[in-house]
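Secondary and tertiary structure notes
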Amino acid sequence: DTPGSGRETKALVMEFVDGETLAELTARGPVPLADALPIARQIADALEAAHAQAIVHRDLKPANVKVRADGTVKVLDFGLAKAFAPAASQAVDLSNSPTLTARGTEIGMILGTAAYMAPEQARGRTVDRRADIWAFGVVLYEMLSGRRAFEGEDVSITLASVLKEDVDWKALPPDLPDPLRRLLRRCLEK
């Protein structure tokens, strides 16, 4: 556009993060514990930083995590992120519900990726930082087991699995330290 033409050009500028997504890494199978723990720690730190700013990611999944060659992890795509009121996180408030559409004013669509949604998110209820903790557990489970925690032939079956099924704890490495197993169980508590 030429200056003074009355037209504006708008652009969205985002950081380029070189490296593989966690989805690409887990597609090759389980991530060794020595590699998975530093990745998980950095994901947890990123979520903690967002939560400290009263932001819930709401779509944490391996495809939204990049691992650079130097081992630095970046949590990406806060496009579905939602601010929450820390003191009112327990109250039912449709403005914080994952059933809001992208415009944020119409009810009728669940936002997020089914296999990583917390049960309350899958039900269209209000979400808070616990939804991200659940998703973190699902991602960590996938890293360690090399398989999805919840899946189905289609979205509705996947959501039903999230709501009604438990993960296959036997899919985790048999030598996984007990404190890590307890952490996963706490993250994935419905």
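Residues numbered from 1 in each chain as written. Predicted model: local features only at pLDDT ≥ 70, side-chain atom pairs only at ≥ 80, totals over all residues. Heavy atoms only, no water.

**Notes on helix α2 (residues 33-52)**
Along its 20 residues, α2 runs 28 Å from first to last C-alpha, staying within 8% of the 28 Å computed at 1.5 Å per residue. Within the sequence span of α2, burial applies to A36, I39, A40, I43, L47, A50 and H51. The buried side chains of α2 occupy one side of the element, clustering within an arc of 115° when seen end-on. For α2, the exposed residues set more than 90 degrees away from the buried face come down to A34, R41, E48 and A52. Where α2 is buried, its residues contact α1 (22-26), β2 (55-56), β3 (65-67), β4 (73-75) and α4 (129-145). (Helix = DSSP H or I, 4+ residues; strand = E, 2+ residues; numbered from the N terminus. Expected span 1.5 Å × (residues − 1). Buried < 20%, exposed > 50% of the residue type's maximum accessible area, 1.4 Å probe, protein only. Arc of directions from axis to C-beta. Contact = heavy atoms within 4.5 Å.)

**Here's the deal with the packing of aromatic side chains**
Going through the model one piece at a time under the given rule, you end up with two aromatic pairs. A ring pair is formed by W134 and F150, whose centres lie 5.7 Å apart and whose planes are at 20°; its orientation type is stacked. Placement of the pair is W134 in helix α4 and F150 in the loop between α4 and α5 (155-164), with a sequence separation of 16 residues. Aromatic pair Y141 and W169: ring centres 6.3 Å apart, planes at 90°, arrangement edge-to-face. In this pair, Y141 sits in helix α4 while W169 sits in the loop between α5 and α6 (178-187), placing the two residues 28 residues apart along the sequence. Considered together, Y141 and W169 belong to a single accessibility category, that of buried residues. Between the NZ or CZ atom of R185 and the centre of the ring of W169, over which it lies, the distance is 4.2 Å. (Phe/Tyr/Trp six-rings, centres within 6.5 Å; stacked < 30°, edge-to-face > 60°. Lys NZ or Arg CZ within 6 Å of the ring centre and 35° of its normal.)

**Quick look at the sheet that holds strand β1 (residues 20-21)**
Strand order in the open sheet formed by three strands is β1-β3-β4, and the pairing between neighbours is antiparallel. Unpaired on one side and paired on the other, β1 and β4 mark the two borders of the sheet. Bridge analysis of β3 against β4 gives three bridges, and the strand direction is antiparallel. Pairing of V67 across the sheet is with V73, part of β4. Against the sheet, α2 engages β3 and β4, with an angle of about 40° to β4. (Pairing = 2+ DSSP bridges. Axes fitted to C-alpha atoms, helices over the stretch in contact; angles between N-to-C directions.)

**Overview of the nonpolar core**
Membership of the largest hydrophobic core comes to 38 residues, with the highest contact counts inside it found for I43 and L60. Within the residue set of this core, elements represented by two or more residues are α1, α2, β3, β4, α4 and α6. For this core, the leading source of residues is α4, giving ten residues. With residues near it in sequence (within four places) discarded, L60 still touches I43, L47, V65, V75, Y116, D132, A135, F136 and V139. (Core = buried A, V, L, I, M, F, W, Y, C linked by side-chain atoms within 4.5 Å.)

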